[in-house]
Structure formats: C-alpha cells, structure tokens
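Here are the chains, one letter per residue:
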Amino acid sequence: MPTTSIIDFATTTTPAEHYRPAPEKILKGDPAQNVRNHYSSPDERFATGVWEAEPGQWSISYSEHEYCEILEGESILRDEQGNERTVRAGDRFVIPAGFTGSWEVVTRTRKVYVIYEPGE
C-alpha cells in the first residue's frame, strides 16, 4: 500500500546506499557516491532523495528527467558537444532525458534530486 503521509527529508531515516560509477564510466578520480532515496512512487517512475559525491568525473547518459537543487559543493556538467555549466550551492536546474556527457565533482557535492522516468 503506497504511503499517504508527507515525506519529510529532515525526519526520514533512509539508509544511504554507497556506490561508485561503473569503472568504464570513470574519467578521473574516485567519485564515491551516496544516495538516500526518500520516496519512490508505486510504479517506480518517480523518485526523490538526496545524493552526495566525492571529487571525480564520470560519463553520464540520462533516460530520466531530473530536477536538481545543489545544497553544497561545486560540480561541472558537460554535454557531448563540450558545452559546460558549473553548478554550486543554491543552483536549481533540470537535466532532460536523453542528455549525455559527463558530471565532474570539483568539491564534494550534495543535491536534492527529483527524478521522473518516462514510460515506453
């Protein structure tokens, strides 16, 4: 049965999942990451939580739409054409499905994410 209660990130005790990108995706550094997924919809196409990463760079390819709000740190997102955007605490943006490029964490970065995975 899906929850009908409000999910409060400050009081939810979601354990962190620790991981690294697949070795073939790592471009530099050792980008260890943690994610605390605070909510997933019953169909698992919508999710939100908090993500953290240590310095490093890896290739990314999005099948989902993702809203991000940077809470701390600095990262650089680069698309396949070499365009880049530096994001820092307070920045809010969307990465659309189909985006490919790389994510580089310059200083430890923490963000709130909201993901929507479109159906087929």
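Residues numbered from 1 in each chain as written. Predicted model: local features only at pLDDT ≥ 70, side-chain atom pairs only at ≥ 80, totals over all residues. Heavy atoms only, no water.

A.B. asks: I would appreciate a short explanation of the pairing of strand β8 (residues 92-95) in the present structure.
C.D. replies: Looking along a regular strand, one sees the side chains alternate between the two faces of the sheet. Side chains of β8 alternate between two faces, with F93 and I95 buried and R92 and V94 left unburied. The sheet contact formed by strand β6 (residues 65-79) and β8 spans four bridges and is antiparallel. By the bridge assignment for β8, C68 is matched with F93. (Buried < 20%, exposed > 50% of the residue type's maximum accessible area, 1.4 Å probe, protein only. Helix = DSSP H or I, 4+ residues; strand = E, 2+ residues; numbered from the N terminus. Pairing = 2+ DSSP bridges.)

A.B. asks: Help me understand the side chain of Q33, please; the structure alone is not making it clear to me.
C.D. replies: Here Q33 shows up in strand β3 (residues 33-40). When its relative accessible area of 5% is taken as the criterion, Q33 is described as buried. A distance of 3.3 Å separates a polar side-chain atom of Q33 from the backbone oxygen of P31. With near-sequence residues (within four places) excluded, Q33 lies in contact with E17, H18, Y19, P21, W51, E52, A53 and W58. (Polar contact = N/O pair within 3.5 Å; in protein donor to acceptor, adjacent residues only side chain to side chain. Contact = heavy atoms within 4.5 Å.)

A.B. asks: Would you mind showing me how to read the nonpolar core here?
C.D. replies: In globular proteins that are soluble, nonpolar side chains generally tend to be buried together. By size, the foremost hydrophobic cluster in this structure holds 15 residues, and its most contacted members are W51, W58, L77, F93, I95 and W103. Mapped onto this core, the elements with two or more residues apiece are β4 (46-53), β5 (56-61), β6, β8 and β9 (100-116). For F93, the contacting residues outside a window of four places in its chain are E66, Y67, C68, I70, L77, R85, V87 and W103. (Core = buried A, V, L, I, M, F, W, Y, C linked by side-chain atoms within 4.5 Å.)

A.B. asks: I tried to follow the packing of aromatic side chains on my own but got confused; where do I start?
C.D. replies: One pair of aromatic rings is described through two measures. These are the centre distance and the angle between the planes. Scanning all chains against the criterion turns up four aromatic pairs. Between W51 and W103, the ring centres sit 5.2 Å apart and the planes meet at 70°, which makes this aromatic pair edge-to-face. Of this pair, W51 sits in strand β4 while W103 sits in strand β9; the two residues are 52 residues apart in sequence, bridging distant segments of the chain. For W51, a relative accessible area of 6% corresponds to the buried category. Lying across the ring of W51, K111 places its NZ or CZ 4.6 Å from the centre. (Phe/Tyr/Trp six-rings, centres within 6.5 Å; stacked < 30°, edge-to-face > 60°. Lys NZ or Arg CZ within 6 Å of the ring centre and 35° of its normal.)

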